[in-house]
Amino acid sequence: MTRFAECFEELPDPRASNAVHDLREILFIALMATLCGATSCTDMALFARMKAYLWEGVLVLEHGLPSHDTFSRVFRMLDPEAFEKAFQRFMKAFAEGARIKPPKGVIALDGKALRRGYDRGKSHMPPVMVTAWAAQTRMALANVQAPNNNEAAGALQLIELLQLKGCVVTADALHCHRGMAKAVVARRGDYVLAVKENQPALLADARAAIGSATRKGTRAATTDADHGRKERRTALVAPVKDMAQKHDFPGIKAVARITSKRGKDKTIERFFLMSQTYSAKDVLRIVRTHWTIENSLHWPLDVILDEDLARNRKDNAPANLAVLRRLALNVARAHPDATTSLRLKLKRAGWNDTFLFELLGHMR
């Protein structure tokens with residue numbers, strides 16, 4: 001608890017001066033509850049009562065256990081930016097204790113709608129959380145609620161929170177613009193960005209470069225047969241010299257095309273802009289790795305922690321609870337038991353108090 005409190009001690013308490021429950025104790029119980037599968041403030045309050053014996057010798061709880069209203073009020077009022085900074089301090093301390101290496105390789109950027117976190121009458125505009133995902137460690141590095149649901153702007157805010165030396169930033173076509181390229185290069189990173197019809201001039205020149213390199217460009221191919229579907233992917237890489245200056249797009253050194261063919265389906269072509277001339281084999285690996293953010297983050301958030309069903313809508317609660325869920329998955333995933341799924345780890349934490357505290361035992 002001491003190390004946990006140190007990570008959150010700089011987090012401003014937005015409540016009135018006469019608030020009776022300690023903010024850090026509330027957040028500690030909320031994290032422990034989420035590690036046991038809690039998906040709402042009501043769940044957290046029930047968890048606090050059912051596990052009251054756990055807090056003896058760990059928490060002071062001078063004024064008793066926090067209620068549902070207390071949890072709800074705290075998450076509604078907390079400043080999301082300040083909470084995100086505390087999240088990063090916690091992850092840094094946790095990673096050091098668990099001896100998790102700093103992120104290298106692919107960092108995937110992607111947004112995820114909090115589908116039931118919308119204000120009344122705005123079901124068509126649910127808030128969007130943008131996450132930077134370290135594919136190598138399979139952990140969320142940073143999170144931002146997209147301002148005015150502008151995912152591209154949220155991704156740029158994320159980049160400013162990251163150290164990108166030795167990393168390759170990947171993102172879909174929404175983020176293929178000069179602002180993203182400039183931000184990544186400025187932080188000493190590299191990028192592989194999908195380019196589509198939303199950037200017609202860039203796409204046309206990428207097609208032309210690939211067309212010119214059809215015979216002499218580097219190629220590689222892979223074949224997958226997962227889930228009973230055989231799919232062959234072929235990559236072709238072509239260096240470019242003048243695209244960066246012509247389009248005022250910082251850092252472009254090469255383009256790539258990946259063609260995918262699944263069974264008798266139509267062949268699909270995808271084009272990418274790159275800040276390094278990666279081999280065709282590396283391009284296939286990088287692009288494939290990007291999608292771990294869907295399989296290893298978005299999917300568990302929805303299936304294990306019911307994020308798509310979360311009905312927290314007031315004020316800052318949707319963003320703050322989204323950060324808490326990502327923090328809980330990071331902690332659970334860092335546990336060295338690689339044979340147990342995330343779902344079973346959270347169930348085991350709820351059923352076995354020793355294992356629950358073991359999840360946080362890396363913070364020494």
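The structure displayed is predicted, hence computed values, not measured ones. (Residues numbered from 1 in each chain as written. Predicted model: local features only at pLDDT ≥ 70, side-chain atom pairs only at ≥ 80, totals over all residues. Heavy atoms only, no water.)

## Notes on the overall build of the protein
Logical step 1: If you tally the helices and strands in the protein, you get 14 helices and nine strands.
Logical step 2: Taking the principal axes of the C-alpha coordinates as reference, the protein spans close to 75 × 40 × 40 Å.
Logical step 3: Evaluated residue by residue, the protein yields a buried proportion of 51% over its 364 residues.
Logical step 4: If you take every contact in the protein between residues at least 6 apart in sequence, the share linking residues at least 24 apart comes to 63%.
Logical step 5: Carbon and sulfur atoms make up 50% of the accessible area of the protein, which totals about 17,900 Å².
Logical step 6: Taking the average place of the 56 positive charges on the side chains of the protein and the average place of its 39 negative ones, the gap between the two points comes to 8 Å. (Helix = DSSP H or I, 4+ residues; strand = E, 2+ residues; numbered from the N terminus. Buried < 20%, exposed > 50% of the residue type's maximum accessible area, 1.4 Å probe, protein only. Contact = heavy atoms within 4.5 Å. Areas by Shrake-Rupley, 256 points an atom, 1.4 Å probe, with all protein chains shown as cover. Lys, Arg positive; Asp, Glu negative; His and termini not counted. Charge placed at Lys NZ, Arg CZ, Asp CG, Glu CD.)

## A look at the pattern of salt bridges
Side chains that differ in sign of charge can pair as their charged atoms come close.
Logical step 1: Across all of its chains, the model carries 20 salt bridges by this definition.
Logical step 2: The residue D308 makes a salt bridge to K112 at a minimum N-O spacing of 3.5 Å. One end of the pair, D308, is in the loop between helix 11 (292–303) and helix 12 (317–334); the other, K112, is in strand 1 (residues 105–113), and 196 residues separate them in sequence.
Logical step 3: The class of D308 is partly exposed, set by a relative accessible area of 23%.
Logical step 4: The exposure class assigned to K112 is buried, which follows from its relative accessible area of 7%.
Logical step 5: K246 is the salt-bridge partner of D205, the closest N and O atoms lying 2.9 Å from each other. (Salt bridge = Lys/Arg side-chain N within 4 Å of Asp/Glu carboxyl O.)

## Notes on helix 4 (residues 68–77)
Logical step 1: All buried positions along helix 4 are accounted for by T70, F71, V74 and F75. Taken around the axis of helix 4, the buried residues stretch over an arc of 120°, which confines them to a single face. (Arc of directions from axis to C-beta.)

## Observations regarding the packing of aromatic side chains
Logical step 1: Applying the stated criterion to the full structure yields nine aromatic pairs.
Logical step 2: With centroids separated by 6.4 Å and ring planes inclined at 75°, the aromatic side chains of F28 and W55 adopt a geometry described as edge-to-face. One end of the pair, F28, is in helix 2 (residues 23–35); the other, W55, is in the loop between helix 3 (41–50) and helix 4, with 27 residues separating them in the sequence. (Phe/Tyr/Trp six-rings, centres within 6.5 Å; stacked < 30°, edge-to-face > 60°.)

## Points about the nonpolar core
Logical step 1: Counting residues in hydrophobic clusters, the biggest one holds 84 residues, and the most contacted among them are L27, F75 and F90.
Logical step 2: For this core, the element with the highest residue contribution is helix 12, accounting for 11 residues.
Logical step 3: In terms of nonpolar packing, the next biggest core, distinct from the first, is built from 42 residues, V128, L203, M243 and L273 among them. (Core = buried A, V, L, I, M, F, W, Y, C linked by side-chain atoms within 4.5 Å.)

## Digging into the packing of helix 6 (residues 151–159) against helix 7 (residues 178–186)
Logical step 1: For the pair helix 6 and helix 7, interaxial distance at closest approach is 10 Å and the crossing angle is 10°. In this view, helix 6 runs roughly parallel relative to helix 7, as classed from their interaxial angle. Contact with helix 6, carried on its side by A155, L156 and I159, involves G179, M180, A183 and V184 of helix 7 and no other residues of that element. (Axes fitted to C-alpha atoms, helices over the stretch in contact; angles between N-to-C directions. Parallel < 35°, antiparallel > 145°, perpendicular 65-115°, else oblique.)

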